Amino acid sequence: TRASELGFLARQGCASMLPALALKVEKDHAVLDLCAAPGSKTEQLLGLLSEKGSGFLVSNDSDPKRIGHMIRRFEFIGNSKLLITGLRGEDLCL
């Protein structure tokens, strides 16, 4: 739809919803998602972290095209709790 093309509406499949729910993320957690693109889980996880806690999210994907799409998706949000990286999981050292 036009709303999803403009970024006003995002669809998320059930399989993408389950990890965030199963983790029981709270506002002060540090979360690492190694297969983050296209960003549905990232959006859900950011909502669970909320602005009031000290938690943060590192969203990573090793595919340059997918991570590029994700960066464009979140660039206007300006959330200080989000770091997007484009590394292979085994190269990501936290």
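## As for the overall build of the chain
For the chain, the helix and strand inventory stands at four helices and three strands. In sequence order, the secondary structure elements of the chain are arranged as α-α-β-α-β-α-β. Counting over 94 residues, the chain shows a buried share of 33%. In the chain, 68% of the contacts between residues at least 6 apart in sequence involve partners at least 24 apart. Counting every atom, the chain has about 6300 Å² of accessible surface; 59% of that belongs to carbon and sulfur.

## As for the pairing of strand β1 (residues 30–33)
Of the two faces of β1, only the one carrying Val31 and Asp33 is buried; Ala30 and Leu32 on the other face are not. Inspection of the sheet shows β1 paired to strand β2 (residues 56–60) by four bridges, in the parallel sense. Paired with Val31 across the bridge in β2 is Leu57. Chirality of the crossover, the property in question, places the unit of β1, helix α3 (residues 40–49) and β2 among those that are right-handed.

What counts, and where the lines are drawn
- Residues numbered from 1 in each chain as written.
- Predicted model: local features only at pLDDT ≥ 70, side-chain atom pairs only at ≥ 80, totals over all residues.
- Heavy atoms only, no water.
- Helix = DSSP H or I, 4+ residues; strand = E, 2+ residues; numbered from the N terminus.
- Buried < 20%, exposed > 50% of the residue type's maximum accessible area, 1.4 Å probe, protein only.
- Contact = heavy atoms within 4.5 Å.
- Areas by Shrake-Rupley, 256 points an atom, 1.4 Å probe, with all protein chains shown as cover.
- Pairing = 2+ DSSP bridges.
- Right-handed = clockwise from strand over helix to strand, strands pointing away.

Shape descriptors only; they carry no functional weight alone.
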